[in-house]
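Listed below, chain by chain, are the residues.
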Amino acid sequence: MNTTSFISEIVDDLQKQAACHNIDILDIFDLSPETPDFSVVKRQGVFMNINFDTKVSYEFRLAHEMSHLIYGDGDIQKIYTFSEFGHRREELLAHRNAIRMLMSIEMPTSVNTFMEYYHVPYWLEKDADRTFRELAYLE
């Protein structure tokens, strides 16, 4: 399987999960590279900036933004913007849930493979390792 078709399958799976949660996903092509992806709680929408200047993969960013709407507390914040360095409680929770969502779609062969494939920020390696071990134990 080539990487492009695999990525499409991951995005397709995330889109199906979004539909199950009544979340709209919109790819935006005319924002500046400095503008991060964002999710809007009241709108139940995820807005992905195709031009966003980051090494973090589209799939991880999408899972992260979806996580805010699926698992987050809409009373805490109304709009979330993606930050690969976000350590606040809500951001950390979205990072962790994104890892779980992606590993649940396709279990990686190793934590390093996962981190490299999705370009997950290095400081989340312990979270990825914990999730990998939990999910591997369940298989």
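See above for the structure.
In this report, we go over the structure that sits alongside the text. From a predicted model like this one, the values you see are computed outputs, not experimental measurements.

1. Some words on the overall build of the chain
Link 1 in the chain: Summing up its helical and strand segments, the chain has 5 helices and 4 strands in all.
Link 2 in the chain: When the helices and strands of the chain are listed from N to C terminus, the series reads α-β-β-β-α-β-α-α-α.
Link 3 in the chain: Rg of the C-alpha trace for the chain: 14 Å, near the compact-globule value of 14 Å for 139 residues, within the 12% margin.
Link 4 in the chain: Considering only contacts within the chain whose residues lie at least 6 apart along the sequence, 55% involve residues at least 24 apart.
Link 5 in the chain: For the chain, the accessible area works out to roughly 7,900 Å², and carbon and sulfur atoms hold 52% of it.
Link 6 in the chain: Where the 13 positive side-chain charges of the chain centre and where its 23 negative ones centre are 7 Å apart.

2. Focus: the packing of helix H2 (residues 58-71) against helix H3 (residues 89-105)
Link 1 in the chain: Contact pair H2 / H3: the axes reach a minimum separation of 8 Å and the direction vectors enclose 115 degrees. H3 is crossed by H2, and the crossing has right-handed handedness. Counted together, Glu-59, Phe-60, Ala-63, His-64, Met-66, Ser-67, His-68, Ile-70 and Tyr-71 of H2 and Glu-90, Glu-91, Leu-93, Ala-94, His-95, Asn-97, Ala-98, Ile-99, Met-101 and Leu-102 of H3 form the full contact between these two elements.
Link 2 in the chain: Partitioned by chemical class, the residues of the contact of H2 with H3 number 11 nonpolar, 5 polar and 3 charged.

3. Observations concerning the sheet that holds strand E2 (residues 38-40)
Link 1 in the chain: One open sheet holds the 4 strands; their spatial order is E1-E3-E2-E4, and the pairing between them is mixed. The strands lining the two open edges of the sheet, one partner per strand, are strand E1 (24-28) and strand E4 (79-81). Each strand of the sheet is rotated relative to its neighbour by a mean of 15 degrees, with strand direction disregarded.
Link 2 in the chain: The pairing of E2 with E4 spans 3 bridges and is classified as antiparallel. What sits directly across from Ser-39, in E4, is Tyr-80.

4. Topic: the side chain of Asn-97
Link 1 in the chain: Tracing the backbone shows Asn-97 in helix H3.
Link 2 in the chain: Excluding its chain neighbours within four sequence positions, the residues that come into contact with Asn-97 are Ser-67 and Tyr-71.

5. Quick word on the pattern of salt bridges
Charged atoms that come close allow side chains of opposite charge to pair.
Link 1 in the chain: As enumerated under the stated definition, the model contains 7 salt bridges in all.
Link 2 in the chain: With its nearest N and O atoms 2.8 Å apart, the salt bridge here joins Asp-24 to Arg-43. Note that Asp-24 is positioned in strand E1 and Arg-43 in the loop between E2 and strand E3 (45-49), a separation of 19 residues in sequence.
Link 3 in the chain: For Arg-43, a relative accessible area of 44% gives the class partly exposed.
Link 4 in the chain: The shortest N-O distance in the salt bridge between Arg-100 and Glu-134 comes to 2.3 Å. Residue Arg-100 is found in helix H3, and its partner Glu-134 is found in helix H5 (residues 125-138); the two are separated by 34 residues along the sequence.
Link 5 in the chain: Judged by its relative accessible area of 30%, Arg-100 falls in the partly exposed class.
Link 6 in the chain: Beyond isolated ion pairs, a larger network of salt bridges with shared partners links Arg-96, Asp-127 and Arg-130.

6. Quick word on the nonpolar core
Link 1 in the chain: Residues Leu-14, Phe-60, Met-66, Leu-102, Met-103 and Phe-114 are the most contacted members of the largest nonpolar core, which totals 36 residues.
Link 2 in the chain: When residues in this core are grouped by element, the largest group, 7 residues, is from H2.
Link 3 in the chain: Discounting residues that sit within four places of it in the chain, Phe-114 has contacts with Ile-99, Leu-102, Met-103, Pro-108, Val-120 and Ala-128.

Analysis parameters
Residues numbered from 1 in each chain as written. Predicted model: local features only at pLDDT ≥ 70, side-chain atom pairs only at ≥ 80, totals over all residues. Heavy atoms only, no water. Helix = DSSP H or I, 4+ residues; strand = E, 2+ residues; numbered from the N terminus. Rg over C-alpha atoms; globule rule 2.2 N^0.38 Å. Contact = heavy atoms within 4.5 Å. Areas by Shrake-Rupley, 256 points an atom, 1.4 Å probe, with all protein chains shown as cover. Lys, Arg positive; Asp, Glu negative; His and termini not counted. Charge placed at Lys NZ, Arg CZ, Asp CG, Glu CD. Axes fitted to C-alpha atoms, helices over the stretch in contact; angles between N-to-C directions. Left-handed = near helix turned anticlockwise from the far one by under 90°. Nonpolar A, V, L, I, M, F, W, Y, C, P; charged D, E, K, R; others polar. Pairing = 2+ DSSP bridges. Salt bridge = Lys/Arg side-chain N within 4 Å of Asp/Glu carboxyl O. Buried < 20%, exposed > 50% of the residue type's maximum accessible area, 1.4 Å probe, protein only. Core = buried A, V, L, I, M, F, W, Y, C linked by side-chain atoms within 4.5 Å.

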